[in-house]
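The chain contents come next:
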Amino acid sequence: MRSFRNRALCWALVSSLNAIAGAAGAQEVACESGAFYARLVKRYGETCMRDNPALQSRIEQATQGLYGGEAATKAWLEAIRDALRAQTAALPAPVAPGSDRYIAGLRKRLRDAIDFLADHREPGAALQACARLRTPTTSCPIDLDNFAPLEDSGDLIEENGCRDASEANAACRTVYETAVEIADSTLVARYTVDALHKPEREKFRAAMTRLGERWHAYLYDTGFQYWWELAGNRYLEEHCDNIFNWPMTRLLRKKCEHRTDTSGNPIGWRAVPEYHVVYLHPDVGAQYNTEEPHGDRLKPSLVFQWLGYEWWQWRGSKISKLRGVSFATTVSDNKVARTLGHGLQIRINEYAVSITSHGGKPALTLSLNLADKLSDLDEEWANRLKRISSQER
Amino acid sequence: MHYVFLIHGMGSSSTGWSKNAKKLIEDHYDKKAYAFLADFPLSDIKFVEINYNDIFDAYLDEAKQHAADLGSWGKLVKTKDPTMSGVLGRIVGIAAKEPAKSFLITHLADVAFFMATDLGWQVRARIAEQMGAALKDLKAKDSWSIIAHSLGTRVATEVLQIGFTGAPSLASFGKARFVMMVANTSYLLQELSPYNAGDVYTNIVYPARKAMGVCHRYINVSHELDPFSFIKRFDPPSTWGNGEVFTQKLYHPILLQAKDLTSKEVHSLEHYLRHPQVHTTLFRFLVDPAGRLGPTEREMKAQMDIYTNETLAAQITAAWRTSIAALRDGKFETAKEIFDTWEKFGALVS
């Protein structure tokens, strides 16, 4: 009985191993077959890469220690360059007639990749410099796309060859094998280039998050802009050196930045403004006028800012030290004083106060949030007084 | 993995706006219909929906709130001062008017806000942020592409122009494998802009081999009856890009004809993608950057036959066809004429 069980277990084990071996064989066939491009896609896909420890190990060796500081990076770059050169020298020579130019093309790509690694010790800084130089006819010499064997190699290797295993195709298959080996080396180089770009990508992500937050703060944490103000400010930002905005830019010590190429195409991300113009801006407020009878001194008012500026500083993604001044007219339903008063509105952070003259008599108009704040304070003080007086009793 | 960003056009586009377009792509991405797809499972492609419409909505909500405050507060100020009936009163009146929910506001205001205000810069930053987040795990063998529609084509153009010339640079993710512009408004909106909006034929948004340009392929899809694509159509000159775009066959224009109508929604992304010529061009470059693979003549004919039957079965009257075709006879010199045409189109498809 025991012997039978052992034999059954043995049989099951052998069957399993055979199944695994069969599956591996099928996997190998699937990974190493098909037209050149499809073959590379499969070869570098997750499943086939998992079954290719040699290639994985090459990539791991090439990319390890990349972020180990400047000195280590330099040493690493030299090591990877030398290793790749050695591997390139060891690659088999093409054997099929007419295949030289294909293989030569692939070799050139690999050589370019190695040269790149040798020439650029600080790719992050170099990439930034390149981005600034980039124009329709000037490219950045360190683009990732210099190392894109997957994208272009199909133009170099005929897709319709080596479809069968006949003797006649033996030479063709050898060419494919050579091409795949070169593609592997280029993939390793591409991984290293990719790793070198990672810090730049992280910077990009962080910068875009901050930029988005700042634009939001600009639009909603400074004074609200009506659509005509939005349009006017966009225009002024793009013409910040014009006669209207230039003196204010200097006076407020703000930057004037709007870079374009000769056709007017924007170059790079525009910094979020640190000031804007307020014009033809109606708002509401609460006016306090001592000229009015008792009990009728505080009343609703319309505040109309004719023209003014608001400016601030950036603290991270937040608006800080928001200030503003504008010429303003206030309108309220007065009994004694004049309805209209002209003067200035002053803004400090989110609060605004207008000081206007109504026929020579001054009036104060508070933004509603400030009036709310004061009434809250009023209530708070009243409560405190109550508490104090009750304690005294 | 191949990341494909989907960038929407004008109008209300909330989260999930791309569901129908993705479903349509999935339905047609069929290796039984197109054998060349056999080696390339759709699971290797990740569609990433980009949203920015909430930026316009947030502003309109804020404007509405201010208008409501001004309107109600203004009623408490019962003055008869003549100044209030002048400039000041008129501006208060405009400001107190709440934004309507008309076609003009829900669709065309998006265009105006993007092109002429700083909301456009917030949109650009938002898109770059979403792209950066999606490409966080980009590996050496991965790639990315863009499918943009209508206003989204202009938005995508600007993000690529600014992103590739900025620092930190979008170039750190490599060039896009392809950019597919559906109902491309990038040239039209440049011409409509009140400011100098640059020149889409001389910027860096063009396809090129190796390091130049921002993508390897540029697919441009338009329709003879879509007023967002036939007015000032994107039609680059031979000098476009580095001068080799046409000689190297990196630009792929597709112009659908007036008879290619399966529904009234001639401007919708789905209507465009339904056409076999459009989705097979997309599939060619989805699976192979060089686009060498593609449908056989027989496969294409079979799909075109199905499509033609759909056009014949479409619930579209002859009168409607005449009305929409008549839009092409209008004048499109001024912004007003163009906006009027779009409004008429909006009325026809609603």
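Residues numbered from 1 in each chain as written. Chains lettered and ligands numbered in written order. Predicted model: local features only at pLDDT ≥ 70, side-chain atom pairs only at ≥ 80, totals over all residues.

(A) Focus on the overall build of chain A. Across its full length, chain A carries twelve helices and six strands. Buried positions account for 34% of the 393 residues belonging to chain A. Of the contacts formed within chain A by residues at least 6 apart in sequence, a portion of 60% connects residues at least 24 apart. (Helix = DSSP H or I, 4+ residues; strand = E, 2+ residues; numbered from the N terminus. Buried ≥ 20, exposed ≤ 12 C-beta atoms within 10 Å, placed from the backbone. Contact = placed C-beta atoms within 7 Å.)

(B) Up close: the environment of Asp44 of chain B. All names here are of chain B. With respect to the helices, strands and loops of the structure, Asp44 is situated in the loop between helix H1 (19-28) and strand E2 (45-50). Taking the number of C-beta atoms within 10 Å as the measure of exposure, Asp44 has 14 and is therefore partly exposed. In this structure the C-alpha to C-alpha distance between Asp44 and His2, which are 42 residues apart in sequence, comes to 6.3 Å. In this structure, Asp44 is in contact with Met1 and His2, ignoring residues within four places of it in sequence.

(C) Highlighting the confidence of the model for chain A. Residues and elements named next belong to chain A. Summary statistics for chain A give a mean pLDDT of 71 and a share of 57% for residues scoring 70 or more. The low-confidence segment residues 1-27, where pLDDT is below 50, has one contact with residues more than four positions distant or belonging to other chains. Scored below 50 in pLDDT, residues 67-72 makes two contacts in the model with residues more than four places away or belonging to other chains. (pLDDT = per-residue confidence, 0-100.)

(D) The arrangement of unusual backbone geometry in detail. Between Ala167 of chain B and the following residue, Pro168 of chain B, the backbone shows a cis peptide bond with an omega angle of 0°. Note on placement: Pro168 of chain B falls in the loop between helix H6 (151-165) and strand E4 (176-182). Residues other than glycine seldom take positive phi values, yet Lys321 of chain A does so here, at roughly 50°. Within the element layout of this structure, Lys321 of chain A appears in strand E3 (residues 318-332). Residues other than glycine seldom take positive phi values, yet Lys249 of chain B does so here, at roughly 55°. Structurally, Lys249 of chain B can be placed in the loop between helix H8 (227-230) and strand E6 (251-256). A residue is classified by how many C-beta atoms lie within 10 Å of it, and Lys249 of chain B, with 11 of them, is exposed.

(E) The sheet that holds strand E2 (residues 298-315) of chain A, seen in detail. Residues and elements named next belong to chain A. Strand order in the closed barrel formed by six strands is E1-E2-E3-E4-E5-E6, with antiparallel pairing between adjacent strands. Here the strands of the sheet are splayed against their neighbours by 30° on average, with no regard to which way each runs. Pairing between E3 and strand E4 (residues 340-348): nine bridges, direction antiparallel. By the bridge assignment, Ser326 is partnered in E4 with Gln345. (Pairing = 2+ DSSP bridges. Axes fitted to C-alpha atoms, helices over the stretch in contact; angles between N-to-C directions.)

(F) Representation of the confidence of the model for chain B in the model. Counting all residues, the mean pLDDT for chain B is 87, and 89% of those residues have values of 70 or more. For this predicted complex, the interface score ipTM comes out at 0.88, while the overall pTM is 0.81.

(G) Representation of the pairing of strand E3 (residues 143-149) of chain B within the structure. Residue and element names in this part refer to chain B. Extensive coverage of E3 is indicated by the burial of seven of its seven residues. Here E3 shows no split at all, with Ser143, Ser145, Ile147 and His149 on one side and Trp144, Ile146 and Ala148 on the other all buried. By the bridge criterion, six bridges tie strand E1 (residues 2-7) to E3 in an arrangement that is parallel. If you follow Val4 over to E3, its bridge partner there is Ser145. Where the polypeptide runs from E3 across H6 and back to E4, its parallel neighbour, the crossover connection is right-handed. (Right-handed = clockwise from strand over helix to strand, strands pointing away.)

(H) Spotlight on the environment of Phe304 of chain A. Residues and elements named next belong to chain A. Tracing the backbone through its elements, the reader meets Phe304 in strand E2. Under the C-beta neighbour-count criterion, Phe304 is labelled buried, with 27 such atoms within 10 Å. Placed 22 residues apart in sequence, Phe304 and Ser326 show a C-alpha to C-alpha distance of 9.6 Å.

(I) The arrangement of the sheet that holds E2 of chain B in detail. Residues and elements named next belong to chain B. Sheet architecture is open: six strands sit in the order E2-E1-E3-E4-E5-E6, paired in parallel fashion. Here the strands that pair on one side only, and so sit at the sheet edges, are E2 and E6. Strand-to-strand, the axes of this sheet are offset by a mean angle of 15°, without reference to chain direction. In this structure, strand E5 (residues 215-223) lies alongside E6, joined through six bridges in parallel fashion. Among the inter-strand pairings, Asn220 is bridged to a residue of E6, identified as Pro253.

(J) Expanded view of helix H5 (residues 119-134) of chain B. Spanning 16 residues, H5 of chain B covers 23 Å between terminal C-alpha atoms, matching the ideal 22 Å at 1.5 Å per step. When you tally the buried positions in H5 of chain B, you get 13 out of 16 residues, the bulk of the element. (Expected span 1.5 Å × (residues − 1).)

(K) Broad picture of the pairing of E1 of chain B. All names here are of chain B. Judged by how many residues are buried, E1 sits mostly within the fold: six of six residues are covered. Residue alternation in E1 divides its side chains into two sets, His2, Val4 and Leu6 and Tyr3, Phe5 and Ile7, and both sets are buried. Sheet analysis places E1 next to E2, joined by six bridges and oriented parallel. By the bridge assignment for E2, Phe5 is matched with Val48.

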